[in-house]
Structures are given as structure tokens and as C-alpha cells.
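# Fold and contact review
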Amino acid sequence: MKTLKKIHIAALRLTAGAFALACIAVLSASCAGKSAEKAKPEETHIAVFVPGIVSGSPVYEMLVSGVRKAVDEAAAQGKSVSVDVVEGGTKQADWGSGITALAADGKYALIISSNPAIPQICAPIAKKFTQEEFLVFDAYSEGTPQITTFQYNQREQAYVSGYMAALVSSSSMKFANMDKKIGLVAAQEYPAMNDVILPSFLEGAKAVDPAYTVDFRVVGNWYDAAKGAELAKAMKSAGVDVIMPIAGGANQGVVAAAKEDGFYVAWFDNNGYAQAPGLVIASSVMAQERLAYEKTKAWLDGSLEKGKPMTVGMKDGYVDFVSEDPLWAQAVPEELRAKQLALVDKIRSGSLDLGVK
Ligand code: RBF
């Protein structure tokens, strides 16, 4: 994986050697003629800017593997295309300069990224580097033609998670208690969390029993597993019996605490049943790998509809609840699974429309 430092160095080298390179390019172009140009088609370069670190963050792991799959497939079919994955790191104030360095490099025709804060960072960069295109997942942006976004319906994703969490919490399962309390451990507060995920998680729980409340705690970053564990243990002591972690690498702390102290976990973003078999009672997922694959492929073959925001959800299969995994059946009794499936089927079929926000 490339580091930003390398990109900066590469950018510097480019300016230093730009004039000489341009001369060589002009010379070779005039000498080589048209047949040589045809024999060596220009390579397309794509950059994936990961706003954070890949390891431990399901959304970013899915993003990278989806884009790589599309690029590998195109390369196998003879297209001259490559991808560089650049981790922006956990200092969010550095992301703007990281993306600017990629755009300034001039090498990348497309910069791909993911999270709701990215379009706002890319908009001024797009204005400065007018040839650059941006494809951003898990985000929403209107009005900048170079920026194409795909947003997941996280109201549906969090609602079905809250419903399952409350079904388990109010059951006679081993670690369920009498308190009508479930929990959410978030890495940080941001609009999609505060305005969509948290309220929809609570609403889903209230659909089981209106007495439910959500104990909401914030780690303060996307990597501190020890803090994640500490928060989860305090929540368990306060009567929480199901916790949904949305905290990247800090999720592992919540899982470790569940194994030590005995409570249930509602996993978000990808299939997490294998994280702690018997304790993970929900996997509410976004098909980020598939979407990243499909849209990178569409960009490569020229069929991507650009500059427009698009929202995808349960009806079209890009948000879902994983019900086919045998580990779910092993963790959750049949009666509760039947109730959960009844809800999920209603949303999948469109007979229950929760809206987007
Ligand atoms: N999700 C992660 O899994 N890992 C991250 O490092 C991460 N960083 C984020 C930074 C910002 C500023 C924002 C707004 C969101 C971030 N997310 C991250 C959350 C992600 O976009 C998504 O909301 C959650 O994964 C829930 O689907």
C-alpha cells in the first residue's frame, strides 16, 4: 500500500523532471509515429484514497477489494489499467492535502473514496483540478459534475438492526436481561450517525417495545480497541445486553468485551457472525464491495452516469440483513428469527417503506 509521503515525493519528482520528460515525450511521439502509439495504449490509473486505515474497517476493506476486482478483471481482458491504494490515516485534517496531492500528481484519471465527509473535501479540489473525476461511496453530493456519489439507505440498515437487537434483548436468551436498554458504540459523532443511524436503530427497537432506549457512547477515534472495550463493559454494567459497534478498529474491543462479560453484538456494514459465534446476533450490511466493483467497472467501460447522487437500499439489494448464514441460526432461536425475517421481507419487497431519513 502506498503512503502519502511516497505520493508527495512522486509529485515533487514530477515537477523537477517535468520539463525533461515533456521534451522526451514530444521527441518520441514525433519519431514513433501512429503505429507505435497504437501498439502501446495509454495506461489508465485509478487511485483509491482510504480516509482512515483499511484494516479493521469493513467499509474500507469492501471498497478496496471491490475496486481491485474491477481493475484486475479489466486488466485480464487486455485493458491497460492500474490502481494505487493510498491510506489517508486517522488524522482527518490531513485528508484534504492527501487528496490534493493525488489530484496534483496528474497521473490519476479517477480518485475513488468512501465516507460522508469526503464530497465536501473533494469539491474545492475538483474546482482546481478540472480534469479530475471522483467516485465516492457511502456519501451524497449534488452540484459538482466531477463528483459521483452513492449513498446507502442507512435508515433501513439501522432500523432492522435495532429491531433484531430489541428482539434478543427482550427474549429469554442467556445474556438477555429485564432492562429495556440496548447500546451503540460509535467512533465519532457525524451527521449520518446522529441524524440517521442512531435514531433509526432506536426506532427499530421501539417497534418491538416502545420502552426501549439506546445507550450511546463515543470512542473519539476509529482505532482504539481498548477504549471500545472499556465503554462496552461500562454499558453492560449499566444494563445493556446488546451493543452495535460502529467504530472501525475499535469494534474489536467491543467483541472482546462481549466474550469476556457476556452480552450480544449487532454487527454493522458486513457479515460479522464469525467474529464471535453465538454472541453476534445481527449482521446488517451494505453491499459496498459489489457496488464498488460495479461502479468502477462502469467508469472503466464508460457507462457510469456521472455527477449525480444515487441512493441504494434494501429493495435493490445493496442494503440487507444477513439471514442465510448458519451462524445466525445457531445464535438466535427460531421464533425470533421468524419475527426478524417477517420485518426484513416487508422492507425487501417494498411493502414497508421506511424512507431514507
Ligand atoms: N468507518 C469505518 O469503518 N472506519 C473509519 O475509519 C471511518 N472513518 C470515518 C470518518 C468520517 C469523518 C466519517 C463521517 C465516517 C467514517 N466512517 C468510518 C463511517 C462510515 O462512513 C459509515 O458511516 C459507517 O461505517 C456505518 O456504515
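Now for a look at the structure at hand. Given the structure is predicted, the values throughout are model-derived calculations rather than measurements.

Looking now at the sheet that holds strand β2 (residues 81-87). Strand-to-strand pairing in sheets goes through backbone hydrogen bonds, with the strands running parallel or antiparallel. An order of β2-β1-β3-β4-β5-β11 is seen for the six strands of this open sheet, with the pairing classed as parallel. Each having just a single partner strand, β2 and β11 (309-312) make up the two edges of the open sheet. With direction set aside, neighbouring strand axes in the sheet form an average angle of 15°. Sheet topology note: the strand β5 (residues 147-152)/β11 ladder contains four bridges and is parallel. When the bridges of β11 are listed, glutamine 151 appears paired with threonine 311. Here helix α2 (residues 58-76) sits on the sheet and contacts β1 (44-50), β2, β3 (108-114) and β4 (133-137); the angle it forms with β2, its principal contact strand, is near 165°.

What follows is about the packing of aromatic side chains. Under the definition given, this model contains four aromatic pairs. Measuring from ring centre to ring centre gives 6.1 Å for tyrosine 190 and tryptophan 222, while their planes differ by 45°; the resulting arrangement is tilted. Of this pair, tyrosine 190 sits in the loop between β6 (181-186) and α6 (191-208) while tryptophan 222 sits in the loop between β7 (213-218) and α7 (225-237); the two residues are 32 residues apart in sequence, bridging distant segments of the chain. In this structure tryptophan 222 comes out as partly exposed when scored by relative accessible area, which is 25%. Over the ring of tyrosine 293 we find lysine 69; its NZ or CZ atom is 4.2 Å from the centre of that ring. When the ring centre of tyrosine 318 is taken as origin, the NZ or CZ atom of arginine 290, which lies over that ring, is 4.3 Å away.

Right, let's talk about the site of the ligand for a bit. Near the ligand you find 18 residues, and of these Ser57, Asp138, Gln154, Tyr190 and Asp269 are the closest. Here serine 57 contributes a side-chain N or O atom positioned 2.7 Å from a nitrogen atom of the ligand. At a separation of 3.4 Å, a nitrogen atom of the ligand approaches a polar side-chain atom of tryptophan 222. When the ligand is considered free in solution it has 540 Å² of accessible area, and contact with the protein chains removes 97% of it. When atoms are counted within 2 Å of each cavity's grid points, the one that captures over half of the ligand is the largest pocket. For the shell around the ligand, the residue count by class is 10 nonpolar, six polar and two charged. When residues of the shell around the ligand are assigned to domains, at least three fall in each of domain 1 (44-152 + 290-300 + 304-312) and domain 2 (154-285 + 323-349).

Our next topic: the nonpolar core. In this structure, Met164 and Ile281 are the most contacted members of the largest nonpolar core, which totals 96 residues. The dominant element in this core, judged by the number of residues it contributes, is helix α5 (residues 154-169), at nine residues. Core analysis: the next-biggest nonpolar cluster, separate from the first, contains 18 residues, Ala47, Ile118, Ala126 and Ala139 among them.

About the cut-offs
Residues numbered from 1 in each chain as written. Predicted model: local features only at pLDDT ≥ 70, side-chain atom pairs only at ≥ 80, totals over all residues. Heavy atoms only, no water. Pairing = 2+ DSSP bridges. Helix = DSSP H or I, 4+ residues; strand = E, 2+ residues; numbered from the N terminus. Axes fitted to C-alpha atoms, helices over the stretch in contact; angles between N-to-C directions. Contact = heavy atoms within 4.5 Å. Phe/Tyr/Trp six-rings, centres within 6.5 Å; stacked < 30°, edge-to-face > 60°. Buried < 20%, exposed > 50% of the residue type's maximum accessible area, 1.4 Å probe, protein only. Lys NZ or Arg CZ within 6 Å of the ring centre and 35° of its normal. Near = heavy atom within 4 Å. Polar contact = N/O pair within 3.5 Å; in protein donor to acceptor, adjacent residues only side chain to side chain. Areas by Shrake-Rupley, 256 points an atom, 1.4 Å probe, with all protein chains shown as cover. 1 Å grid on protein atoms, 1.4 Å probe; cavity = no way out; pocket = protein on both sides within 12 Å on 5 of 7 lines; lining within 4 Å. Sits in = over half its atoms within 2 Å of the grid points. Nonpolar A, V, L, I, M, F, W, Y, C, P; charged D, E, K, R; others polar. Domains from an automatic or database assignment. Core = buried A, V, L, I, M, F, W, Y, C linked by side-chain atoms within 4.5 Å.

So far we have only geometry, and geometry alone does not tell us how the molecule works.
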